[in-house]
Amino acid sequence: MPNVVIVNVKKRYGDIVALDGVSLEIRDREYVCIIGPSGSGKSTLLKVIAGIIKPDEGKVFIDGVPVDKIPIENRRLGLVLQDILLFPHMTLWDNTTYSPVVRGLNYNLVREKGLTALSLVEIDIPLEILPNELSRGAQQKIALARALAADAKLLLLDEPLGSIDARTARSLRYELRRIVKSLGLTAIHVTHNQEEAMSIADRIIVMRKGKVEQIGTPLELYTNPRTPFVCRFIGGEANFFEGKVIGRNGKSTIVALSNGSKLEIYDPKNLNGKVVIAIRPEHIVMSVNENEVNDDINVLEGHIAEVHFLGSYIRYVVNTNEGELIVKVPRNKIIFKEGDRVYLHVKHAYLFRYPEEGLEKAIAYE
Ligand SMILES: Nc1ncnc2c1ncn2[C@@H]1O[C@H](COP(=O)(O)OP(=O)(O)OP(=O)(O)O)[C@@H](O)[C@H]1O
Ligand SMILES: [Mg+2]
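Residues numbered from 1 in each chain as written. Chains lettered and ligands numbered in written order. Predicted model: local features only at pLDDT ≥ 70, side-chain atom pairs only at ≥ 80, totals over all residues.

Re the overall build of the protein chain
At step 1: Each helix and strand counted, the protein chain has ten helices and 20 strands in total.
At step 2: Referenced to the eigenvectors of the C-alpha coordinate spread, the extents of the protein chain come out at roughly 75 × 45 × 35 Å.
At step 3: Across the 366 residues in the protein chain, those meeting the buried criterion constitute 38%.
At step 4: Sequence separation of 24 or more characterises 65% of the internal contacts of the protein chain that already satisfy a separation of 6 or more. (Helix = DSSP H or I, 4+ residues; strand = E, 2+ residues; numbered from the N terminus. Buried ≥ 20, exposed ≤ 12 C-beta atoms within 10 Å, placed from the backbone. Contact = placed C-beta atoms within 7 Å.)

Some details on the sheet that holds strand β19 (residues 341-346)
At step 1: The antiparallel open sheet is built from five strands, whose spatial order is β15-β19-β16-β17-β18. Of all strands in the sheet, those with a lone pairing partner are β15 (284-287) and β18 (323-330), marking the two edges. Strand-to-strand, the axes of this sheet are offset by a mean angle of 40°, without reference to chain direction.
At step 2: Here β15 runs beside β19; their pairing, made up of four bridges, is antiparallel. Across the sheet, Met 286 pairs through a bridge with Leu 344, a residue of β19. (Pairing = 2+ DSSP bridges. Axes fitted to C-alpha atoms, helices over the stretch in contact; angles between N-to-C directions.)

Here's the deal with the site of ligand 1
At step 1: Around ligand 1, the surrounding shell holds 13 residues, and the nearest of these are Tyr 13, Ala 18, Ser 38, Ser 43 and Thr 44.
At step 2: Mapped by element, the contributors of at least two residues to the shell around ligand 1 are β2 (16-26) and α1 (42-50).
At step 3: A per-element tally of the shell around ligand 1 places α1 first, with three residues. (Near = placed C-beta within 6 Å.)

Points about the packing of helix α4 (residues 107-120) against helix α5 (residues 136-149)
Geometry of a packed helix pair, given as the angle between the helix axes and the separation of the axes.
At step 1: Running from N to C, α4 and α5 point in directions that differ by 135°, and their axes come no closer than 8 Å. In terms of their interaxial angle, α4 and α5 are classed as oblique. In the crossing of α4 with α5, the sense of the turn from one axis to the other is right-handed. Contact residues: Lys 113, Gly 114, Ala 117, Leu 118 and Leu 120 in α4; Ala 145, Leu 148 and Ala 149 in α5.
At step 2: Taken together, the residues of the contact of α4 with α5 break down into six nonpolar, one polar and one charged. (Parallel < 35°, antiparallel > 145°, perpendicular 65-115°, else oblique. Left-handed = near helix turned anticlockwise from the far one by under 90°. Nonpolar A, V, L, I, M, F, W, Y, C, P; charged D, E, K, R; others polar.)

With respect to the sheet that holds strand β10 (residues 211-216)
Each strand in a sheet pairs with another by means of backbone hydrogen bonds, the pair being arranged parallel or else antiparallel.
At step 1: Across the sheet, which stays open at both edges, the six strands sit in the order β6-β7-β8-β3-β9-β10 with mixed pairing between neighbours. Taken across any chain shown, the strands that pair with only one partner, and hence form the sheet edges, are β6 (77-80) and β10. Pairs of neighbouring strands in the sheet enclose a mean axial angle of 15°, with direction left out of account.
At step 2: Two strands pair when backbone bridges link them, and strand β3 (residues 31-35) and strand β9 (residues 203-208) are joined in this way by four bridges, in the parallel orientation. Bridge assignment links Cys 33 to a residue of β9, and that residue is Ile 204.

Considering the nonpolar core
At step 1: In terms of nonpolar packing, the biggest core is built from 90 residues, with Ile 49, Ala 147, Leu 156 and Ile 277 touching the most fellow members.
At step 2: Taken together, domain 1 (4-232) and domain 2 (238-358) each give at least three residues to this core, which thus spans both.
At step 3: Dropping the residues within four chain positions of it, Ala 147 is found in contact with Gly 78, Leu 79, Val 80, Ala 152, Leu 155 and Leu 157. (Core = buried A, V, L, I, M, F, W, Y, C linked by C-beta atoms within 7 Å. Domains from an automatic or database assignment.)

Details of α4
At step 1: With 14 residues, α4 should cover 20 Å at 1.5 Å per step; its first-to-last C-alpha distance of 20 Å lies within 8% of that length.
At step 2: Val 110, Lys 113, Gly 114, Ala 117 and Leu 118 are the residues of α4 that are buried. Down the axis of α4, the sector holding all buried residues measures 125°, keeping them to one side. The exposed set on the far side of α4, more than 90 degrees from its buried face, consists of Asn 108, Thr 116 and Ser 119.
At step 3: Check the buried side of α4 and you find it contacts α2 (92-96), α3 (98-102) and α5.
At step 4: Following α4 by one or two positions, Glu 122 has its phi on the positive side, about 55°. (Expected span 1.5 Å × (residues − 1). Arc of directions from axis to C-beta.)

Regarding the environment of Pro 228
At step 1: You can see Pro 228 is positioned in helix α9 (residues 228-233).
At step 2: Considered as a pair, Pro 228 and Ala 18 are 210 residues apart in the sequence and their alpha carbons are 22 Å apart.
At step 3: Residues within four places of Pro 228 in sequence aside, it is in contact with Phe 240, Val 276, Ala 278, Phe 352, Pro 355, Leu 359, Ala 362 and Ile 363.

Considerations on the environment of Leu 183
At step 1: You can see Leu 183 is positioned in helix α6 (residues 166-183).
At step 2: Residues Leu 183 and Lys 153 lie 30 residues apart in sequence; the distance between their C-alpha atoms is 8.7 Å.

Notes on the domain arrangement of the protein chain
At step 1: Each domain of the protein chain was delimited in the assignment, giving domain 1 (4-232) and domain 2 (238-358).
At step 2: Just the C-alpha atoms count here: the centres of domain 1 and domain 2 sit 38 Å apart.
At step 3: Opposite the five residues of domain 1 that make contact, domain 2 presents seven residues.
At step 4: Here the residues of the side of domain 1 that touches domain 2 are counted per class, giving three nonpolar, one polar and one charged.

Notes on the pairing of strand β1 (residues 4-13)
At step 1: Note: β1 against strand β4 (residues 57-62), five bridges, orientation antiparallel. Residue Val 4 lies in a different strand from β4, and its bridge partner there is Ile 62.
At step 2: Both β1 and β2 contribute to a ladder of eight bridges, which runs antiparallel. When the sheet's bridge partners are listed, Tyr 13 is paired in β2 with Ile 16.
At step 3: Linking β1 to β2, which pair antiparallel, is a turn of two residues; within it Gly 14 sits at a positive phi near 60°.

Now the structure itself:
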């Protein structure tokens, strides 16, 4: 029953603050994804949880016991690291079955565990070769198989699907979640891929600059991002604007964008003064007919600048007097073409206090 408690963990490398006071709790049998830009501390956090890196401050508990007090063979971890995937001098089979062999299981059990793990990751290659003869994607599959064969209770996976081709990675992500849920494991899975995190995590931890920016279910992070950064990082593209609060209407706040367009936005926070407004491309309804929009509020006028077909929906770039906006429309709706004059009806938007560091820095992927 591994739950993981992390208390105020700090880790520096010289001047670089890799982890800057991280506290969080991961529940037993939970599938948690950690996402965040490169350098935000994801791998460092995972290694601290595994007990591979000792933090400068703070503690990690697995099932209430400090991780450094648990002998490594008793930690029951299934590890896939980002930098070193496999033992280079061992064959693929020996890598896969490393843990059952070390634990002294008999030949038949070792064989069974190895074969089961390999079948889960859908790999069909000779197993007597060494890792360096394989592509990184195939090495990743073997690393995953090794983690699964370890009979671990806690899986710590650092970008486990990052080098695997997109189609296989997509099916493997669901398989991973299925395995974790059916065996009652706890998984902490680091990924760059927000879509991967959204689609399999019970909860997502968003990291930024060594800190936890927000933790929540995919839906919570999508519907209620606490910062512009989370709004940009979760749920795909978003359009950001600076604006000013000019009034209130019940639980809604009325804001003016730079060039005078007005939006009425649900805002329990009751913000004032300078604000950031974020509009998701899927929260805009687009029409050619002005009569279909019956208000001068929540409406922007523009011209279609670009049209991109993305399978089930179409992505438009629209030039408006407030700047460029991305709009996404399901493909079964009417299709606009470059140059069409359109009205954008904003159905939903998010409002944030204007960040001290400025909007551009607050949403930068670094
Ligand atoms: N061994 C090390 N020595 C010096 N600096 C390090 C070391 N390991 C990590 N860092 C630095 O600590 C910060 C956090 O690194 P970390 O590897 O945890 O980031 P990450 O979120 O995993 O990034 P990525 O998405 O690129 O894997 C980065 O600035 C990195 O350069
Ligand atoms: Mg990393």
